[in-house]
Structures are given as C-alpha cells and as structure tokens.
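Descriptive analysis of the structure
Here are the chains, one letter per residue:
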Amino acid sequence: QVQVAESGGGLVQAGGSLRLSCAASGSTPLATMGWYRRAPGKPRELVADITRLGSTSYADSVKGRFTISTDGNKRTVRLQMNGLKAEDTAVYYCNVKTVLASEFWGQGTQVTVSS
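Reading the values: rules and limits
- Residues numbered from 1 in each chain as written.
- Predicted model: local features only at pLDDT ≥ 70, side-chain atom pairs only at ≥ 80, totals over all residues.
- Heavy atoms only, no water.
- Core = buried A, V, L, I, M, F, W, Y, C linked by side-chain atoms within 4.5 Å.
- Buried < 20%, exposed > 50% of the residue type's maximum accessible area, 1.4 Å probe, protein only.
- Helix = DSSP H or I, 4+ residues; strand = E, 2+ residues; numbered from the N terminus.
- Disulfide = S-S within 2.5 Å.
- Phe/Tyr/Trp six-rings, centres within 6.5 Å; stacked < 30°, edge-to-face > 60°.

1. Topic: the nonpolar core
Of all hydrophobic cores here, the largest spans 29 residues; its most connected members are Trp 35, Leu 79, Met 81, Tyr 92 and Val 96. When residues of this core are traced back to their parent elements, those giving at least two are β3 (18-24), β4 (30-38), β5 (45-51), β7 (66-70), β8 (76-81), β9 (90-98) and β11 (109-114).

2. Structural notes on the state of the cysteines
Throughout the structure, instances matching the rule amount to one disulfide. Paired by a disulfide, Cys 22 and Cys 94 hold their sulfur atoms 2.0 Å apart. Negative torsions about the S-S bond denote left-handed disulfides, and the value of about -80 degrees found for Cys 22 with Cys 94 makes this one left-handed. Of the two residues, Cys 22 sits in strand β3 while Cys 94 sits in strand β9, which places them 72 residues apart along the sequence. Comparing Cys 22 with Cys 94 shows no difference in burial state: the two are buried.

3. Focus on the packing of aromatic side chains
According to the stated counting rule, one finds one aromatic pair in the structure shown. Where Tyr 36 meets Trp 105, the ring centres are 5.0 Å apart and the plane angle is 65 degrees; that geometry is what we call edge-to-face. With Tyr 36 in strand β4 and Trp 105 in strand β10 (residues 103-105), this residue pair connects regions lying 69 residues apart in the sequence. Residue classification places Tyr 36 among the buried positions, given a relative accessible area of 17%.

If you want it as structure tokens, here you go:
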C-alpha cells in the first residue's frame with residue numbers, strides 16, 4: 001500500500017507562481033509520478049508526469065510554464081507552476097503508479113488563480 005501526501009496550492013494572482021509537492025510512502029518502486037487536475041465542470045486531465053527514468057510529459061496547455069521533477073529517491077514529485085492563468089484553476093491530484101501496476105491518488109489540493 002502506498003500513501004500519497006500532497007502539499008502546496010492556494011490562491012495566486014494571474015502571472016504568479018506556485019509549487020506543489022507530493023510524497024509517496026512505502027518501498028515498492030514507482031513507475032511514474034504525476035499530477036492531474038479537475039476544473040469545475042470539466043473531466044480530470046493529466047497535467048504532467050515523470051517516469052522513474054526521468055522522462056516527462058506535459059499537457060499542451062502547460063508546456064513552457066510548468067515543470068515536473070522528482071528528488072533523488074524518486075518518491076517525491078514537485079510541480080513548479082509559473083505564469084499561472086485563470087484557466088489553471090482546479091483541484092490538483094497527485095498520482096503514482098508502482099512497477100506492480102498499482103495506482104494511488106492523493107486527496108487533492110486546490111489551486112485558484114485570480115484574474
């Protein structure tokens with residue numbers, strides 16, 4: 001079992017920055033760590049993820065503004081969000097997938113960007 005704990009988020013003005021962090025407990029190696037978001041009235045979407053080998057992928061809407069990274073033990077993932085826009089307002093969820101194909105989610109953290 002993996003527990004996922006998120007931190008960060010909050011309220012920021014358009015053009016500002018926020019950083020989200022997520023730590024995964026346990027010892028089972030993780031295949032990927034990533035961030036999803038769900039805006040009001042919209043389906044959940046992938047924002048960015050990173051594999052254990054360091055490969056990253058981003059939603060087109062955040063490319064060039066958001067950066068995903070992990071720490072040395074690959075159990076903490078961070079999402080640096082710069083140039084925030086009102087349309088980035090959403091609940092952001094950390095997602096981890098283990099090498100055994102299990103998937104775990106954080107509780108979600110609210111990001112609100114005021115225009």
